[in-house]
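Here is what each chain is made of, one letter per residue.
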Amino acid sequence: MSLQSEIAKRRTFGIISHPDAGKTTLTEKLLLFGGAIQKAGAVKSNKADKAATSDFMEIEKQRGISVATSVMGFEYLNTKINILDTPGHKDFAEDTYRTLTAVDSVILVVDCVKGVEEQTKKLMQVCRMRHTPVIVFVNKMDREGKDPFDLLEEIEKELNISTRALSWPIGIGSTFKGVYQLHDKSLNLFSASKKHIADDSIAINGLDDPKLEELLGERLTSKLKEDVELIETVAEPFDRDLYLSGYLAPVFFGSAINNFGVQELLETFIKIAPSPQGRETDTRKVEPNEPKFSGFIFKIHANLDPNHRDRIAFCRICSGTFQRNTFYQHNRLNKKLKFASPTSFMADNKSLVEEAFPGDVVGLYDSGNFKIGDTLTEGESLQFIGIPSFSPEIFRELENSDPFKTKQLEKGIHQLSDEGVAQLFVQNPGNRKIIGTVGELQFEVIQFRLKNEYGASCHFRPVNISKAKWISATTPQELEKFTRRYAQKIAFDKESKPVFLASSAWDIEYAAKEYPAITFHETSEWEMLVDKK
Ligand code: G4P
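The structure contained in this document is the topic of the report that follows. (Residues numbered from 1 in each chain as written. Predicted model: local features only at pLDDT ≥ 70, side-chain atom pairs only at ≥ 80, totals over all residues. Heavy atoms only, no water.)

## Notes on the site of the ligand
For the record, the criterion: It suffices for a single heavy atom of a residue to lie within 4 Å of a molecule or strand for the residue to be listed as near it. Note on areas: these come from Shrake-Rupley sampling with a 1.4 Å probe, and a residue is covered only by the protein chains present in the view. A run of H or I in DSSP counts as a helix once it spans at least four residues, and a run of E counts as a strand once it spans at least two, with each numbered from the N terminus. Classification convention: Asp, Glu, Lys, Arg as charged; Ala, Val, Leu, Ile, Met, Phe, Trp, Tyr, Cys, Pro as nonpolar; all other residues, Gly among them, as polar.
Among the 18 residues in the neighbourhood of the ligand, the closest are listed as Asp 20, Lys 23, Thr 24, Thr 25 and Ser 255. Contact with the protein chains removes 71% of the 710 Å² of surface that the ligand exposes when unbound. Broken down by secondary-structure element, the contributors of at least two residues to the shell around the ligand are helix H2 (23-33) and helix H3 (47-51). For the shell around the ligand, the element with the most residues is H2, which contributes three residues. A breakdown of the residues in the shell around the ligand according to their chemical character gives four nonpolar, seven polar and seven charged.

## Some thoughts on the layout of surface pockets
Counted only if it meets this: Residues are called lining when one of their atoms sits within 4 Å of a cavity or pocket point, these points coming from a 1 Å grid over the protein atoms alone, where a cavity is a set in which a 1.4 Å probe fits but cannot get out and a pocket is an open set with protein on both sides within 12 Å along at least five of seven lines. Grid points are joined across faces, edges and corners, and a volume is the space filled by probe spheres set on the points.
Approximately 610 Å³ is the volume attributed to the largest pocket. Lining the largest pocket are 29 residues, with Ile 387, Lys 494, Glu 495, Ser 524 and Glu 525 sitting closest to its centre. When residues of the lining of the largest pocket are assigned to their parent elements, the largest contribution, three residues, is made by helix H5 (residues 93-99). Of the residues belonging to the lining of the largest pocket, the class tally is 10 nonpolar, seven polar and 12 charged.

## Looking at helix H11 (residues 262-272)
Here is the rule we go by: Note on exposure labels: buried denotes an accessible area under 20% of the residue type's maximum, exposed denotes more than 50%, and partly exposed covers the range between, all computed with a 1.4 Å probe on protein chains only.
For H11, a buried count of nine out of 11 residues is recorded, marking the element as mostly surrounded by other parts of the structure. Residues of H11 that are buried include every one of Val 262, Gln 263, Glu 264, Leu 265, Leu 266, Thr 268, Phe 269, Ile 270 and Ile 272, and no others.

## Topic: the environment of Ala 256
As a reminder, the rule being used: Two residues qualify as a contact provided that any one of their heavy atoms is within 4.5 Å of a heavy atom in the partner residue.
Relative to the helices and strands, Ala 256 resides in the loop between strand S11 (248-253) and H11. Put simply, Ala 256 and Thr 24 are 232 residues apart on the chain and 9.4 Å apart in space, counted from C-alpha to C-alpha. Excluding residues within four positions of it along the chain, Ala 256 makes contact with Thr 25, Leu 26, Lys 29, Phe 137, Asn 139 and Val 262.

## Considerations on the environment of Glu 478
Mapped onto the fold, Glu 478 is located in helix H14 (residues 476-485). For the pair Glu 478 and Ile 518, spaced 40 residues apart in the sequence, the C-alpha separation amounts to 7.4 Å.

By themselves, these observations are geometric and do not establish any function.
So, in structure tokens, the structure goes:
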């Protein structure tokens, strides 16, 4: 098969949601439809993730399991589908942000009872910034949820995206009867069935077909007619280009646990979702159909066993064909590396990859060469961009508890920061280390791993910092002036970029007023900001 056909048949995406909305259930049902697993339960739920707030070993165990489910690939209707798993626990949200840099589209699961929740908003901000195409699946329609029109309005307002329903629910909760497919005017009737995986579609001859009233009764039929009339007069027709550019989200309604609406979602997804897309680098845009291989590392998974220090680096293939046992150029280290056992993961199985194509993800065994964002090529010197760091939410100062292990602590904390466990900001002079995370749990992970893997002891001291802003200035002199004036609040990230560590929003406003030549940025990659795609 030609490279072009391999690319055209691939769809690489992530499923995102607020915990409990049904991400795990939907993933599992998609795998069941795709024939990748034979029975429910093969995809581990993130139960421990959700329950535990302090038992991080339990979570690490779960993360261990999640290596296996990091990328779930299967074929359906001659399409190779790659689902990139994202952690359920909010304290690992940064992992999710990074995974979103490796997908071409996402499916967002919204609970119809709860509507748009906090975690969803954050994840969608990242999607919006990258113009990632989004399909919304409104789940749990078997429960008494919000009115579907209200839900669409809430999604539009809260997530700053236009929506277009492609299916429409008939009743909700105890009166939920099924969905009407707006595009082909067919009807899918609901029966609560955790066993059957196919929902049968009933062909009807438009909304005036007398069959409709026989099936739904008079009340629901007239409500459906009213709703559909309203949608068709108010909503714009579905425009695939707007979806592909990330401005319009098609919406489906269903119930993942009951296998309802999942097949429709999957089949539409295959039709409309983008195949692997080109990606920006520091020198040019790389297109997937270029013959030479290129890819980048978006996730690193450490082996917690101190006797086996190897890690798995997940590489998203961006162009050309990746081949086992072939030398590739690691651009940051300017070093040639070859991989004897690149791996693909699927539920409980691992398999050796001989070759892989754009959109695929391969796991590369690594003894410490990789850092998040590293680029591999066949020799061209370029670096993929668009894998930024965002401001952490919780900050602590890392203090050494054992002066005899200073070296180990230095090495350990830098490696953990390369892996993306947390962000490290260093203040000079003094080599003061500020650790930034999105959740308390990450501090426990760091403390445990420094001890377990590097033999270093540390503790954390509270600091008065609530936000990190990357800074730039109109001239180097202005930057110099500012960093001198605010020396106490300036630190450097792992790329040695200057960061302003603010104690409050007011702090930033004040500094911005005082120094208009300084710009404060939300992410580390402010140079390539937003509209580059
Ligand atoms: P997550 O990965 O987004 O965190 O959510 P997950 O799939 O684990 O689902 C969260 C809960 O919602 C689970 O219930 C799951 O069974 C339930 N659920 C998923 N889809 C639907 C649906 O369409 N309708 C209804 N009513 N419930 C749904 P749980 O009680 O937490 O776990 P379990 O005991 O059912 O496994």
